[in-house]
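# Working through the structure, step by step
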Amino acid sequence: MKIVLQNHFLIAMPGIEDPFFKKSVVYICKHDSNGTMGIIINKPIENLKIKDILIKLKIKDIKKESAEINKPVILGGPQSGDRGFILHSSKKKFSSSIEVSKNTLITTSKDILESIETLENPNNMLLALGYCSWKKDQLENEILQNTWITAPANSYILFKAPMKNKWYEAAKILGIDIKKTIINFGNA
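Presented here is a report on the structure given in the accompanying data block.

## Describing the nonpolar core
One recurring pattern in soluble globular proteins: nonpolar side chains tend to sit buried together. The biggest cluster of nonpolar side chains holds 37 residues, and the ones touching the most others in it are F9, I41, L87 and W148. Secondary structure elements with two or more residues in this core: β1 (8-12), β2 (25-32), β3 (35-40), β6 (79-89), β9 (125-135), β10 (148-152), α4 (155-160) and α5 (166-172). In terms of residue count, the dominant contributor to this core is β2 (five residues). Ignoring sequence-local partners within four residues, the contact set of I41 consists of F9, V25, Y27, I74, L87, L126, I157, L158, M163 and K166. Grouped together as the second largest cluster of nonpolar side chains are 15 residues, L48, V73, I86 and L113 included.

Written out as C-alpha cells, the structure reads:
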C-alpha cells in the first residue's frame, strides 16, 4: 500500500548538507504516482518582504505598513525561483487555487496578491518563490535512505510558528527532539 504524503511535512534529517534542504521543512502540495511537489516553508529570502513583491508587480500602492505585507518571502525550492506560490487558508478560492487539504490551498494567480489588506485577504498566507519536486518514486527512495522524515502538517507550523523554529516544531509532531538528534548524529 502506497502512503500518500500530500498535506504532510517533509523534515530534513540532520545529515543533509545541501543548502536548499539543510534544516528545511517542506510542505507537500502534491504526491501521487507521477511524483511529488512541495514548498519549503522555513527559508526566508534575506531582505525580501511581500510588500517588495507587491511594489515590483505594481499591484499595490503601499500607503501604510502592515504585518501582512511585512512578512518575509520564502525560498520555496530550487525549481522556478522566479515563480510565486502562495500557500493560504481556505477563506476564498482564487482563479488558480488548488485545494491541498480541507484547510489549505496553493494559488499562483495574481488575484490573491491583489486581495492583500482587503476583506478577501486569506486569514493565513505564505508567499514562496520556487518549489521542490521529485520524480516518480524518488522521494520514497530518499525517505528509505533516511534523508527525510514525514509528519502530518498543521496550520500552526505552516503559518504561525517562527521561521527559525519550524524545523524543530515539525519534528516535535513525531515526538522527536531534533536538537538532541543533531548532537547524537554528530557523534555517530
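## Side note on the environment of L75
When you line up the elements, L75 lands in strand β5 (residues 72-75). Take L75: its relative accessible area is 31%, and that puts it in the partly exposed class. Apart from residues no more than four positions distant in its own chain, L75 is found in contact with F20, I40, K43, I45 and L129.

## Description of the pattern of salt bridges
A pair can form between side chains of opposite charge whenever their charged atoms are brought close. Under the counting rule described, the total for this entry stands at three salt bridges. Put simply, K22 and E17 hold a salt bridge, and the shortest N to O gap is 3.4 Å. Take K22: its relative accessible area is 35%, and that puts it in the partly exposed class. Here E17 falls in the exposed class, since its relative accessible area comes to 54%. Between K30 and D32 there is a salt bridge, with the nearest N and O atoms lying 3.6 Å from each other. With a relative accessible area of 35%, K30 lands in the partly exposed category.

Rules behind the numbers
- Residues numbered from 1 in each chain as written.
- Predicted model: local features only at pLDDT ≥ 70, side-chain atom pairs only at ≥ 80, totals over all residues.
- Heavy atoms only, no water.
- Core = buried A, V, L, I, M, F, W, Y, C linked by side-chain atoms within 4.5 Å.
- Buried < 20%, exposed > 50% of the residue type's maximum accessible area, 1.4 Å probe, protein only.
- Helix = DSSP H or I, 4+ residues; strand = E, 2+ residues; numbered from the N terminus.
- Contact = heavy atoms within 4.5 Å.
- Salt bridge = Lys/Arg side-chain N within 4 Å of Asp/Glu carboxyl O.

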